[in-house]
Amino acid sequence: MKLVVGLGNPGEKYAGTRHNVGWLVVDELARTAGGTWRREKDAELAEVRLGGEKVLLVKPTTFMNASGGAVAPRLRFFKLTPDDLLVVQDDLDSPFGLLRVRRGGRSGGQNGVKDIIRLLGTEDFARLKLGISRPPSGWDPADWVLSKWRPEEEGTLRDLVGLGVQAARVWTERGLLDAQANFNGTDLRPKPDPAPAPQNS
């Protein structure tokens, strides 16, 4: 059994914000795998099977800063280890359109990851990091992560979420190294138009 945790904040106020991109990935993963969400006191849960593996999808509803409270107890309850955990998160330090799969390392200021590390007592678990870019000049990072996606970003966002679903499936079915080999370095940022060829005189 595996746990795939999407980080976000509950409530209509936070729907469609950059901080909730982890929820978008697990929502789409549940939809494509035929999972049905149910509510518990600290999370929404959906059970699916991916490649013969039973997977519990988790959306903590404890607000971002307390995400670990919905994760650590479930690892213990199901007798799982950090090897069985994938956390899907937004990443301020990656440009929007980039996706990375990694294991271990500090939280990078992502408070949901920070709380999971605190309650697990280890950094040694897999993260699926979806870039949301650093804030524009004049923006506070806390306001930026809680800002809504702009209409012109929605196409890239759909592609990024779809890629996140594929990466989570590969991590579940084939492991971390395959997920890294297949998805790290992916760049969905719009490419500039090629320069016109010089005209022969």
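Just so it is clear, the structure is predicted and the values come from calculations on it, not from any experiment.

Asker: How would you summarise the packing of aromatic side chains if you had to cite specific residues and measurements?
Answerer: Applying the stated criterion across every chain, the model contains 4 aromatic pairs. Between Tyr14 and Phe63, the aromatic rings sit 6.0 Å apart at their centres with planes inclined by 80 degrees, giving edge-to-face as the arrangement. In this pair, Tyr14 sits in the loop between strand E1 (2–6) and helix H1 (21–33) while Phe63 sits in the loop between strand E4 (53–60) and helix H2 (68–77), placing the two residues 49 residues apart along the sequence. Given the relative accessible area of 16%, Tyr14 is considered buried. Taking relative accessible area as the criterion, Phe63 reaches 41% and is therefore assigned partly exposed. In this structure, Arg18 packs its charged tip against the face of Trp144, placed 4.0 Å from the ring centre. The ring centre of Trp23 lies 4.7 Å from the NZ or CZ of Lys59, which sits over that ring.

Asker: Explain the side chain of Asp42 residue by residue, including any values.
Answerer: Topologically, Asp42 is positioned in the loop between strand E2 (38–40) and strand E3 (43–50). Accessibility expressed as a relative area gives 14% for Asp42, which makes it buried. Polar contacts involving the side chain of Asp42 include one to the side chain of Arg74, which spans 2.8 Å. Excluding anything up to four places from it in sequence, Asp42 contacts Pro60, Thr61, Thr62, Gly69, Ala70 and Arg74.

Cut-offs used in this document
Residues numbered from 1 in each chain as written. Predicted model: local features only at pLDDT ≥ 70, side-chain atom pairs only at ≥ 80, totals over all residues. Heavy atoms only, no water. Phe/Tyr/Trp six-rings, centres within 6.5 Å; stacked < 30°, edge-to-face > 60°. Helix = DSSP H or I, 4+ residues; strand = E, 2+ residues; numbered from the N terminus. Buried < 20%, exposed > 50% of the residue type's maximum accessible area, 1.4 Å probe, protein only. Lys NZ or Arg CZ within 6 Å of the ring centre and 35° of its normal. Polar contact = N/O pair within 3.5 Å; in protein donor to acceptor, adjacent residues only side chain to side chain. Contact = heavy atoms within 4.5 Å.

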